[in-house]
Amino acid sequence: MENAERKKKRVTVLIIAFFAGVAIAVLFRSLRITVPVPHDMAGLVGLIGMFVGSAIVDLVVKYMAK
């Protein structure tokens, strides 16, 4: 039961983050400000790389703490 509650919370956080991003993008575009996100595949791959790198560091730190 606890695991199902965690998953539900994670999904809720993802949904909130998604809609916050949409709201920010709408605000920026309405004000005619450039949206601060990469507009090509290389930029998106770079963002994914940063996420993966961050996750690797977290795993290494967690492993070293054992």
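See above for the structure.
Counting restarts for each chain, with residues numbered from 1 along the sequence as it is written. Only residues with pLDDT of at least 70 get local features here, since the model is predicted, and only at 80 or more are side-chain atom pairs given and counted; chain-wide, interface and lining totals rely on the full set of residues. Based on all heavy atoms of the structure, the side-chain values leave hydrogens and waters out of the count.

1. Observations regarding the overall build of the chain
- Across its full length, the chain carries 2 helices and 0 strands.
- Our radius of gyration is a C-alpha quantity, and the globule rule it is checked against amounts to 2.2 Å times the number of residues to the power 0.38. The C-alpha radius of gyration of the chain comes to 17 Å, more than 25% above the 11 Å expected for a compact globule of 66 residues.
- Think of it in three bands: with a 1.4 Å probe and only protein chains considered, a residue is buried below 20% of the maximum accessible area for its type, exposed above 50%, and partly exposed in between. A burial count over the chain gives 3% of its 66 residues as buried.
- Of the roughly 6,300 Å² of accessible surface on the chain, a fraction of 72% belongs to carbon and sulfur atoms.
- Counting rule applied: Lys, Arg positive; Asp, Glu negative; His and chain ends not counted. Here the site of a charge means atom NZ of a Lys, CZ of an Arg, CG of an Asp or CD of a Glu. Charged side chains in the chain number 9 positive and 4 negative. The centres of these two groups are separated by 4 Å. Working definition: helices are DSSP H or I runs of at least four residues, strands are E runs of at least two. Numbering for both runs from the N terminus. Only the protein chains shown count as cover for residues, and the accessible areas themselves come from Shrake-Rupley with a 1.4 Å probe.

2. Here we look at helix H1 (residues 2-30)
- Expected span of a helix: the number of residues minus one, times 1.5 Å. Across its 29 residues, H1 extends 42 Å between first and last C-alpha, which sits within 8% of the 42 Å expected from 1.5 Å per residue.
- Just downstream of H1 lies Arg-32, where phi reads positive at about 60°.

3. Things to note about the packing of aromatic side chains
- Classification of ring pairs rests on two measures: the distance between centres of Phe, Tyr or Trp rings, Trp counted by its six-membered ring, which must be within 6.5 Å, and the angle between planes, read as stacked under 30 degrees, edge-to-face over 60 and tilted in between. Summed over the entire model, instances satisfying the criterion amount to 1 aromatic pair.
- Between Phe-18 and Phe-19, the ring centres sit 5.2 Å apart and the planes meet at 80°, which makes this aromatic pair edge-to-face.
- Assessed through its relative accessible area of 52%, Phe-18 is described here as exposed.

4. Structural notes on unusual backbone geometry
- Of note in the backbone geometry, Arg-32 takes a positive phi value of approximately 60° without being a glycine.
- Inspection of the secondary structure assignment puts Arg-32 in the loop between H1 and helix H2 (41-65).

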